[in-house]
Amino acid sequence: MVVTTRRHTLAGELLVLQLAIVVMVLLAVAAVSLAQSKATFDRVEGRRVTALAEEMAGNPLLRTQLVRPAPAETLAPLLQTKLTGSDVTSVTVADARGEIVAATNPTLVGTHLPVEGPSVAQARGWSGELLVDERRELVAQVPVLGADAGRIGEHLGTVMIGRASPTVWQRLSGASSYLLAYLGIASVLGVAGSWLLARRIKRQTFGLEPREIAGLAEHREAMLFGIAEGVIALDPQLRLTLVNEVGRKLLDLPEDCVGMSLAGLGIEGRLYDVLAGTGGEHGTELGTERRDEVVVRRGRVLVMNRMDVTKDGRRLGSVTTLRDRTELAQLERELGSFRSSTDLLRAQAHEFSNQLHTISGLIQIGEHDEVVRYVRALRKHRDSLDLTLTSRVRDRAVAALLMAKSALAAERRVGLRISELTALDRLEPADSADVATVVGNLVDNALDAATAGDLDNDAWVEVELRQDASSVEIVVRDSGPGVAPELAQEVFSHGFTTKAAQGGDRGIGLALTRLVCKRRGGEVSVANTHAGAMFTARMSVSRLTDRETEEVR
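Residues numbered from 1 in each chain as written. Predicted model: local features only at pLDDT ≥ 70, side-chain atom pairs only at ≥ 80, totals over all residues. Heavy atoms only, no water.

So, the sheet that holds strand β13 (residues 471-478)
Then, in step 1: One open sheet holds the five strands; their spatial order is β11-β12-β13-β15-β14, and the pairing between them is mixed. Taken across any chain shown, the strands that pair with only one partner, and hence form the sheet edges, are β11 (415-418) and β14 (523-528). The mean angle between the axes of side-by-side strands here comes to 15°, regardless of whether they run parallel or antiparallel.
Then, in step 2: Bridging between β13 and strand β15 (residues 533-540) involves seven bridges; their strand directions are antiparallel. Residue pairing across strands places Ile474 opposite Ala537, the latter belonging to β15.
Then, in step 3: Contacts from helix α11 (residues 429-451) reach β12 (460-467), β13 and β15, with the element oriented near 10° to β13. (Pairing = 2+ DSSP bridges. Helix = DSSP H or I, 4+ residues; strand = E, 2+ residues; numbered from the N terminus. Axes fitted to C-alpha atoms, helices over the stretch in contact; angles between N-to-C directions. Contact = heavy atoms within 4.5 Å.)

Here it is in C-alpha cells:
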C-alpha cells in the first residue's frame, strides 16, 4: 500500500502564514491594550483613592476617636459608610504604631498595616499596589495629623483605602468587544490578501508551486555548473544576473560579480561589444545576436555566442556562452608546419605542371635551344631563391616555411621577396616554432591583402627578419589596399584577418600572432605605407651557442 501525502499549495501556505501573522499581531495588540488599561486604572483610581483617603484623614470624628481606647466600635460605621458610598474594596485605619485598630475586614484588626518603605512611618502619604488580605489592591495611605490644642501636627495614625486591581481576564473581557472586531477584520483582510498575493505570484511563476520552483533552481544550478562551457546572463541594463564558475574563470571575474554592470567590472573593447550586442561602439543599438565571435581575453582565445531573451515582445536580457579555444589555437600553431608542407607540395606540383607543359610545347614546335635556355632560367631562379634563404635565414624551420610560402605566392601570382636587411640565426626549437607561427600568419594575411588588390599590377609581399641578442623583429609588407585606421586594433582584438575585418570571421591567425608576441614580452602592430600595409611583430628569443649550432647541423 502506497501512502501519498497531500502537498500544500502556494495559496494554502500563504493563507496559513497570513493567519499566523494576524494572530501574532492580535496578541501584540492585546498585550499593548492590557498595558494601557493597567496604566489608565492606576492613574485614575490612584487619584480617586488618594482623594478619598485624604478626605477621611481630615474627618474630625476619626481624629477624636483614634486617640481613645477601643476605637473600632466607634469608627466601624464611618468605615462602612465610606466603603459602600465610594465603591472601594477596603478601608483600614491604623494607629501611630502601625497597628490596625479598625477595618472593613474585621480579621485585619490587631495586625500591622502593610507598608511599602518608610514614608508612612514618617507621616508621609504613599500610593501604589499592595497585597492586602492575599489580594492585590491599589491603595492610598494618608497620615492622620492632630488638630486639637497640644496635638497640632502630631502623627495620630494612618488611613488606607484600597481598590482591588482587575485581573488579566477582567481586562480582556472589558476589551473583548473591539478585540473580536479587530480579529474579524484582520482575518477577512488576511484571507483576501493571501488569495490576491497567491494569484499574483502564480502569474509571475508561470503557475509553478514552491517545490517545483525549488526543483527548477536545483536543476539549473546542476546544469550551469556541470557543463564545460561558460555561461553569462545580462539584464537589459547590462548587469550580470548569472554566471557559472567556468565563465567567471574564463573572464577572470571576481566572486561577487553578480549584480555588477559590465562597466563596473572593467569590461570594455571587443569583449564589451560582444556581451552587450553592440555594433562596435558603446552607443550603438543593443540587441544584436553574435555567433562564433572570437575574443582574446588575458591570454585566452574565446569563442562566444550571444542570444537575446524575450517574452511577449519584452526584452528580458541576453545569454552568452563561452568556449576556450586557446588549446585549439596552440594545436593550430603546431599543425601549421604540416599545412605549410602540404601547401608547398601542392604549389610546386602546380608550378612543375605548368613548366612541363611549357617545355612540351617548345619541343613540339622544334624550339630545342629555347628549351635549354628555359630550363637554365628555371634552375637559376630556384638556386637564387635557395641561396637567398639559406644565406639570410639560417633557421631551417623558418627557411622551409618561407620556401613553402614562396611557392604558394607564385601560384597566386604574388611575388614573395626577402628583404636585403634580413638576418636570422638558428633559434631554440621553441623559439623557432613561435617565430614560424608569427611569420606564417603574417604572410598568409599579406597574401590575402595583396590578392584583394588589382592583380593587373605587380602584387608583392616582402618579408624582413631582424635579430639582436635577445629579440627578433618581423616586418611583413604587402601591396594590398591597406588597413582602415579604425580597424588597426580590431584586427588583433577580434581575431580577424584583414579580409575578415571587411566581411566576416576568417579565424584566429592575427589573434594568435598577438598572443604569441605578448607571451614573449613583445607586441604586434600595423601601419599603412604608400604601397599597402606593414605589420611589425617583436618578441624575445634566445640565440643558440656555437656548440648547440654544431649539434643542430
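Some points on helix α7 (residues 269-276)
Then, in step 1: Within α7, seven of the eight residues are buried, which leaves it mostly tucked inside the rest of the structure.
Then, in step 2: Every buried residue of α7 is accounted for by Arg270, Leu271, Tyr272, Asp273, Val274, Leu275 and Ala276.
Then, in step 3: The positive-phi residue at the C-terminal boundary of α7 is Gly277, with phi of around 75°. (Buried < 20%, exposed > 50% of the residue type's maximum accessible area, 1.4 Å probe, protein only.)

Considering the sheet that holds strand β1 (residues 90-95)
Then, in step 1: Pairing is antiparallel in the open sheet, where five strands are placed in the order β2-β1-β5-β4-β3. Each edge of the open sheet carries a strand with a single partner, namely β2 (100-103) and β3 (126-131). Across this sheet, the average inter-strand angle for adjacent strands is 25°, counted without regard to direction.
Then, in step 2: Note: β1 against strand β5 (residues 155-164), six bridges, orientation antiparallel.

Focus: the nonpolar core
Then, in step 1: Of all hydrophobic cores here, the largest spans 49 residues; its most connected members are Leu402, Leu465 and Ile474.
Then, in step 2: A per-element tally of this core places α11 first, with nine residues.
Then, in step 3: Every residue in contact with Ile474, bar those within four places of it in the chain, is listed here: Val435, Val438, Val439, Leu442, Glu464, Leu465, Phe535, Thr536, Ala537 and Met539.
Then, in step 4: Counting residues in each nonpolar core, the second largest holds 22 residues, with Ala57, Val91, Leu156 and Val159 among its members. (Core = buried A, V, L, I, M, F, W, Y, C linked by side-chain atoms within 4.5 Å.)

A short note on the side chain of Asp431
Then, in step 1: Mapped onto the fold, Asp431 is located in helix α11.
Then, in step 2: Among all residues touching Asp431, those that are not within four sequence positions of it are Arg520, Val541 and Ser542.

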